[in-house]
Amino acid sequence: MSLSQQEFIDLFNDKLTTTLGIRVEEATNKEAYQTVSLLLKDIILRKWQLTQTNQLETDEKQMYYFSMEFLLGRLIESNLLNMGLLEVCENALKELGFEPAQVFTEEHDAGLGNGGLGRLAACFLDSLASLNLPGHGVGIRYKYGLFQQKMVDGYQVELPDYWLNDDYMWETKRSEKAVEVHFGGHVTLEKKDNQYTVHHQNYERVLAVPYDVPIVGYETDAVNTLRLWSAESMPNSFHFHSPKGHDYYHYLDYKRSVEQISEFLYPDDSYYEGKLLRLKQQYFLVSAGLQSILKRFKSKHQSFQLLPQKVSLQINDTHPSLIIPELMRILMDEEKFGWDDAWEITTSTVAYTNHTTLVEALEKWPTEMVKSLLPRIYMIIEEINERFCQSIYFDFPHLREKIADMAIISYEQIHMAHLAIVGSYSVNGVAKLHTDILKNREMKNFYTVFPERFNNKTNGITHRRWLLNVNRDLANKITGAIGENWIQEPRELIQLIKYADDASFQKQIAEVKHTNKEKLAAYIKEHYQITINPNSIFDVHIKRLHGYKRQLLNLFHILHLYQLCVDNPNYQMVPRTFIFGAKAAPGYHFAKQVIKLITATAEKVNNNPATKDKMKVVFLENYKVSLAEKIIPAADLSEQISTASKEASGTGNMKLMMNGALTIGTLDGANIEISDMVGPKNIFTFGLTSDQVFDYQKNGQYRARDIYNSDKRLREVMDKLLGTFFSPDDVEFKNIYYSLLYNNDEYFVLRDFDSYVEAQQHVEQTYRNQQSWLKKSITNMAHSGKFSSDRTISEYANQIWDIHPQ
Ligand code: 26Q
């Protein structure tokens, strides 16, 4: 799309007149934002319509990505960029008297996700559209996204995120495409002429209304769709008879309970809780999404035998795994297929991505809950389980004693990961190590039964948002050196290797980083009244707060440095700014205590004369996509320090590397592949390997207390948690202390402390030699092309979905 600046201004003025009826001089930033997005949406809608007609006509295979989360952040800039209108829009806005960055900030982040899994889904949509692939998202239009984090006296407080307060500019409600979803009731089977008819009665009816968001690719014609479902009540399904008005009150109860379904996103990640409402949400997504896909399919095809050739259904973790019994239900009860044919179709259409091996994160639903909420679905799951266990018994006699472990239903619980593996044609992990752990450990028995299903798809991130958009100065320097080919072919970033040693290029890179650090410092000053030194090392730890991600290990290093400075006023260190951003699940007490410990440490460090010019600790409130976009371009050091084996992949590691930060990390998740790409000299690795972690878990020989006893530095740090260091009568951190010493340090914080401190010393030495640091930084950028989600999506498209550019 190309528009001149004047054309853009004309469109802008015209929109302003016809929608708000005001003159440009009167328009606020918010009104300017609304106007730009409206005029942009007009342009996008034309393309969108063309794509849809085209996709229906050509009848190419489509992929649907089912996910309970799509963490989109803001779309305004990436839509402008992808449409080729970013520059002209910015110039036009300036000409009209606006500051473009201020205007774009008016868009509320779409926070429909917790973290990695949700953001991955959003990156995938961008890559699908940019590679011109027919792939779409299916999700829930939560009224409230992930909570807003407010810090009060150093504690996290959660506030609702009412992101729809201002209209969401990118969505279009499609009432005419609404479908019905049924809950509860009871099911009877009637046998006639050797055929079963299923009667489902007394169910509750819920209307699922889709809101479509167009997904624009970078310099491509196709516009894909993210379809978000919203739950509404059905007044017509209710009969108002009672003269006393009881029906009316029943109706209001029903309405309230229906609207709850798409009310809010569950704020837990990596921890599973068996909440009825969450189960309702999952079935709501699956049933509504599947109905609309099958309607479209039916409009083109006579027989469902063709479904696997025309449709792939990718499920983002097990959260949408009810799609398996739901597809079986539709094929058998409505389309009259027998079990075997229905099973063949289902297991050739659904593919499953696993994102975790943490036991506490694996979904297991109580059978009673599923039975009463989804009676027919439960019957089908029982049958799947029955047949699966039989087939193991007969076809894999050597696994007979493992059947209890592998069953889909056991101890009155449904194991969703087992259901997902048994019911799909592809099972993938999200990084090499993670997939190996699935194959050889966690899902070992399933791998024996279905070796051909298991495969790896290492995660990626969209380089358009995470480099081109958020760090335009860096992108320009890169293009200045190697041309602009890398934007279409991110692997071309490898050409930067030639400049790793080039003093003039190093200087340019250093200048960009410095400017970004000054910008972040200014932002922090404005919003937190904390002064940070742009010449210090920006040491960045941004991700959800979780025991296994070990923010605590970082804190122990900080407290250790603090002690060194206090003990020796002449202690020489390169000044450092430790930047944290993290939300804790509201019910995860330990994680919340760690947040409080970060803020308490910040108080100490930032106010002690012995440390205040050497160290600063900042906890940035309300970490979210748009905040990540400010922090990442300014980062020097990327903290990726999870307990080895626990982080399936990580994706922040990729974003930071792409922006020239060096990684300090364990050999976990995608860190290993980053290390393989850049070589051991260009990354600071430390700590136990995953095999060492597994060994400890097996042999039970780990003794946290022995390490505590033998390391004076650790004792000094940890004893601060008990004494009066943080406040005179304070014992609030004793739980943390106890979890390490009495619960034997589940995440091996103490065990990795020594090697972490050593790696941090190595970081400091390297940073002192700026030339060497910059060389490593450029080397990291050069190798980051592999981690573009374009690569990931091409692999999914070729190896799992069999979809092709349109
Ligand atoms: C499940 C049931 C009930 C309520 C909530 C949940 C739930 C919600 C979100 C469980 C897990 C999640 C999110 C998991 C997640 O973000 N995993 C991360 O996925 C990334 C993308 O693959 C990986 O890079 C990370 O390593 C992984 O932790």
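Up top is the structure.
Residues numbered from 1 in each chain as written. Predicted model: local features only at pLDDT ≥ 70, side-chain atom pairs only at ≥ 80, totals over all residues. Heavy atoms only, no water.

A.B. asks: Explain the overall build of the protein to me, please; I cannot follow it from the model alone.
C.D. replies: For the protein, the count of helices and strands is 33 helices and 25 strands. Expected size for 806 residues packed as a compact globule is a radius of gyration near 28 Å; at 27 Å, the protein falls within 12% of this value. Oriented by its inertia axes, the alpha-carbon framework of the protein measures out at about 90 × 70 × 60 Å. Out of the 806 residues in the protein, the part that is buried amounts to 61%. (Helix = DSSP H or I, 4+ residues; strand = E, 2+ residues; numbered from the N terminus. Rg over C-alpha atoms; globule rule 2.2 N^0.38 Å. Buried < 20%, exposed > 50% of the residue type's maximum accessible area, 1.4 Å probe, protein only.)

A.B. asks: I would appreciate a short explanation of the site of the ligand in the present structure.
C.D. replies: Taken together, 20 residues are adjacent to the ligand, and Leu-117, His-355, Asn-459, Glu-647 and Gly-650 come closest. Tyr-548 places a polar side-chain atom, nitrogen or oxygen, 3.2 Å from an oxygen atom of the ligand. The contact in question runs from an oxygen atom of the ligand to an N or O atom on the backbone of Ser-649, over 3.0 Å. About the coverage of the ligand: the protein hides 95% of its 620 Å² of free accessible area. In terms of residues, the shell around the ligand owes the most to one element, helix α6 (residues 116–130), which gives three residues. A breakdown of the residues in the shell around the ligand according to their chemical character gives six nonpolar, eight polar and six charged. (Near = heavy atom within 4 Å. Polar contact = N/O pair within 3.5 Å; in protein donor to acceptor, adjacent residues only side chain to side chain. Areas by Shrake-Rupley, 256 points an atom, 1.4 Å probe, with all protein chains shown as cover. Nonpolar A, V, L, I, M, F, W, Y, C, P; charged D, E, K, R; others polar.)

A.B. asks: Can you help me understand the sheet that holds strand β20 (residues 537–542) in this one?
C.D. replies: In a beta sheet, neighbouring strands pair by backbone hydrogen bonds and run either parallel or antiparallel. Spatially, the six strands line up as an open sheet ordered β22-β21-β20-β23-β24-β25, and their pairing is parallel. This sheet does not close on itself; its edge strands, each paired only once, are β22 (615–619) and β25 (684–685). Here two bridges tie strand β24 (residues 662–665) to β25, and the two strands are oriented parallel to one another. What sits directly across from Ile-664, in β25, is Phe-684. (Pairing = 2+ DSSP bridges.)

A.B. asks: How should I be thinking about the packing of aromatic side chains in this particular structure?
C.D. replies: The description of two aromatic rings rests on the distance between their centres and on the angle between their planes. The full count for this structure, using the stated rule, is 30 aromatic pairs. A network of ring pairs unites the aromatic residues Tyr-65, Phe-124, Tyr-796 and Trp-801 as a single cluster. Positioned above the aromatic ring of Tyr-393 is the side chain of Arg-400, whose terminal nitrogen or guanidinium carbon lies 3.8 Å from the ring centre. When the ring centre of Phe-694 is taken as origin, the NZ or CZ atom of Arg-441, which lies over that ring, is 3.8 Å away. (Phe/Tyr/Trp six-rings, centres within 6.5 Å; stacked < 30°, edge-to-face > 60°. Lys NZ or Arg CZ within 6 Å of the ring centre and 35° of its normal.)

A.B. asks: Honestly, the environment of Asp-405 in this entry has me stumped. Any pointers?
C.D. replies: Mapping Asp-405 onto the fold places it in helix α14 (residues 403–406). Residue Asp-405 is classed as exposed on the basis of its relative accessible area, which comes to 52%. Asp-405 sits 177 residues away from Ala-582 along the chain, and the two C-alpha atoms are 36 Å apart.

A.B. asks: Can you walk me through the layout of surface pockets in this structure?
C.D. replies: A water-sized probe, rolled over the atoms, reveals where empty space remains. Roughly 1,400 Å³ of volume is contained in the largest pocket. Along its surface, the largest pocket is lined by 38 residues, and Arg-74, Ala-101, Thr-105, Ser-626 and Lys-630 are the ones closest to its centre. Top element by residues in the lining of the largest pocket is helix α21 (residues 503–528). It accounts for eight residues. Its residues assigned to classes, the lining of the largest pocket shows 10 nonpolar, 11 polar and 17 charged. (1 Å grid on protein atoms, 1.4 Å probe; cavity = no way out; pocket = protein on both sides within 12 Å on 5 of 7 lines; lining within 4 Å. Points joined across faces, edges and corners; volume = space filled by probe spheres on them.)

A.B. asks: What exactly am I supposed to notice about the pattern of salt bridges here?
C.D. replies: Where charged atoms of side chains with opposite charge meet at close range, the side chains can pair. Inspection of the entire model under this criterion finds 42 salt bridges. Glu-25 is the salt-bridge partner of Arg-23, the closest N and O atoms lying 2.9 Å from each other. Residue Glu-25 is classed as exposed on the basis of its relative accessible area of 59%. The network of salt bridges with common partners includes Arg-23, Glu-25 and Glu-26. (Salt bridge = Lys/Arg side-chain N within 4 Å of Asp/Glu carboxyl O.)

A.B. asks: Can you walk me through the sheet that holds strand β17 (residues 413–415) in this structure?
C.D. replies: The strand order β15-β17-β16 describes an open sheet built from three strands, whose pairing is antiparallel. Edge positions in the open sheet fall to β15 (364–366) and β16 (409–410), since each of these has one partner strand only. The pairing of β15 with β17 spans three bridges and is antiparallel. Across the sheet, the residue bridging to Trp-365 is Ile-414, located in β17.

A.B. asks: How should empty space enclosed by the protein be read in this particular structure?
C.D. replies: Per the stated rule, a full pass over the model turns up seven cavities of 30 Å³ or more. Considered as a void within the structure, the second largest cavity measures approximately 170 Å³ in volume. Considering the residues around the second largest cavity, the lining is formed by 15 residues, among which Leu-75, Ser-78, Ala-122, Asp-126 and Arg-465 are closest to the centre. Of all the elements in the fold, those that place two or more residues in the lining of the second largest cavity are α3 (76–82), α6, β11 (204–216) and α18 (463–469).

A.B. asks: How should the packing of helix α19 (residues 472–482) against α21 be read in this particular structure?
C.D. replies: Helix packing geometry: the angle between the two helix axes and the distance between the axes. One can describe the packing of α19 onto α21 by two numbers: an axis separation of 9 Å at closest approach and a directional angle of 170°. Between α19 and α21, the angle is such that the two are roughly antiparallel. Between α19 and α21, the residues in contact are Asp-473, Leu-474, Lys-477 and Ala-481 and Phe-505, Gln-508, Ile-509, Val-512 and Lys-519, respectively. Here the residues of the contact of α19 with α21 are counted per class, giving five nonpolar, one polar and three charged. (Axes fitted to C-alpha atoms, helices over the stretch in contact; angles between N-to-C directions. Parallel < 35°, antiparallel > 145°, perpendicular 65-115°, else oblique. Contact = heavy atoms within 4.5 Å.)

A.B. asks: Is there a simple way to explain the packing of helix α10 (residues 323–334) against helix α11 (residues 339–346) in this structure?
C.D. replies: Between α10 and α11, whose axes approach to 9 Å, the crossing angle comes to 135°. Here α11 runs oblique to α10, going by the angle between their axes. Relative to α11, the crossing made by α10 is right-handed. Listed contacts from α11 to Ile-324, Leu-327, Met-328, Leu-331 and Met-332 of α10 are Trp-339, Ala-342, Trp-343, Ile-345 and Thr-346. (Left-handed = near helix turned anticlockwise from the far one by under 90°.)

A.B. asks: Would you mind going over the pairing of strand β10 (residues 195–201) with me for this structure?
C.D. replies: As defined by bridge partners, strand β9 (residues 186–192) adjoins β10 across seven bridges and the pair is classed as antiparallel. From the neighbouring strand, Val-187 faces β10, where its bridge partner is His-200.

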